[in-house]
Amino acid sequence: MTVKTLNDLFLETLKDLYYVEKKLVKTLPKLAKKATSPELKQAMEDHLEETETHVQRLEQIFEMLDQRASAKTCEALEGLIREADEVTGEIEDDHTMDAALISSAQTVEHYEIARYGTLACWAAEIGNTDIAELLEQTLEEEKSADEKLSMIAEDQINQRAAA
């Protein structure tokens, strides 16, 4: 598809995010298995449930736009996953592994926060206020997940890894 308008750009970015969320549904359980901190493992499992809701919400948005839900490979996410696999593949210490998992997860969260924020802004600009509200809802959930990861890291994981 050729991008000529903000509507086109919105739809292409929506496809990118749909890919991200669907891929994370498959990736988060693998990350949770690597986590040794019960709190981190639980946070990842909780976010998996939210991510499944994000997929459904995006499908609802495609429907509202009279579009078939379709994903476009997100090279940024693929690179972040490759990087996380490389880093965690070399770590033997459990606490350092947890710190690396948090770092990788937060990198993805920040990507999602940027994308959802942009899409919500564009949806409002285009006049799709119902869609903007759905995107804002997901944006707030992504911010909350990021904050929870920060708290886990700062409360225990980083200190244990540094010891």
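Treat the numbers as computed from the prediction; the structure is a model and nothing was measured. (Residues numbered from 1 in each chain as written. Predicted model: local features only at pLDDT ≥ 70, side-chain atom pairs only at ≥ 80, totals over all residues. Heavy atoms only, no water.)

Our next topic: the overall build of the chain. Scanning the chain from N- to C-terminus turns up five helices and zero strands. Each helix (α) and strand (β) of the chain, taken in turn from the N terminus, gives the series α-α-α-α-α. Rg of the C-alpha trace for the chain: 17 Å, near the compact-globule value of 15 Å for 163 residues, within the 12% margin. Sorting the 163 residues of the chain into buried and exposed places 45% on the buried side. Relative to all contacts within the chain whose residues are 6 or more apart in sequence, the contacts with residues 24 or more apart total 78%. Of the roughly 8,700 Å² of accessible surface on the chain, a fraction of 47% belongs to carbon and sulfur atoms. Counting 17 positive and 36 negative side-chain charges, the chain places the averaged centre of each group 7 Å from the other. (Helix = DSSP H or I, 4+ residues; strand = E, 2+ residues; numbered from the N terminus. Rg over C-alpha atoms; globule rule 2.2 N^0.38 Å. Buried < 20%, exposed > 50% of the residue type's maximum accessible area, 1.4 Å probe, protein only. Contact = heavy atoms within 4.5 Å. Areas by Shrake-Rupley, 256 points an atom, 1.4 Å probe, with all protein chains shown as cover. Lys, Arg positive; Asp, Glu negative; His and termini not counted. Charge placed at Lys NZ, Arg CZ, Asp CG, Glu CD.)

All right, on to the nonpolar core then. Ranked by size, the top nonpolar core spans 46 residues in total, and within it Phe 10, Leu 14, Leu 40, Leu 58, Leu 77 and Leu 135 carry the most contacts. Going through the elements one at a time, helix H1 (6-34), helix H2 (38-64), helix H3 (75-89), helix H4 (94-126) and helix H5 (129-162) are the ones with two or more residues in this core. Broken down by element, this core gets its largest block of residues, 13 residues, from H4. Setting aside anything within four residues of it in sequence, one finds Leu 135 in contact with Phe 10, Leu 58, Ile 61, Tyr 116, Leu 119, Ala 120 and Ala 123. (Core = buried A, V, L, I, M, F, W, Y, C linked by side-chain atoms within 4.5 Å.)

Structurally, the position occupied by Thr 88 is in helix H3. Using a relative accessible area of 5% as the deciding quantity, one classes Thr 88 as buried.

One way to put it is that H4 packs onto H5 with a least axis distance of 8 Å and a crossing angle of 160°. Accordingly, the angle class assigned to the pair H4 and H5 is roughly antiparallel. Along this stretch, H4 crosses H5, giving a crossing that reads as left-handed. Here the residues of the contact of H4 with H5 are counted per class, giving 19 nonpolar, nine polar and eight charged. (Axes fitted to C-alpha atoms, helices over the stretch in contact; angles between N-to-C directions. Parallel < 35°, antiparallel > 145°, perpendicular 65-115°, else oblique. Left-handed = near helix turned anticlockwise from the far one by under 90°. Nonpolar A, V, L, I, M, F, W, Y, C, P; charged D, E, K, R; others polar.)

Let us now look at the pattern of salt bridges. Under the definition given, this model contains seven salt bridges. Of the charged contacts in the structure, one is a salt bridge between Glu 141 and Arg 57, with a shortest N-O distance of 3.0 Å. Linking Glu 141 in helix H5 with Arg 57 in helix H2, this pair joins segments that are 84 residues apart in sequence. The buried category is assigned to Glu 141, whose relative accessible area is 18%. Look at the salt bridges and you will find they share partners, linking Glu 12, Lys 15 and Lys 72 into a network. (Salt bridge = Lys/Arg side-chain N within 4 Å of Asp/Glu carboxyl O.)

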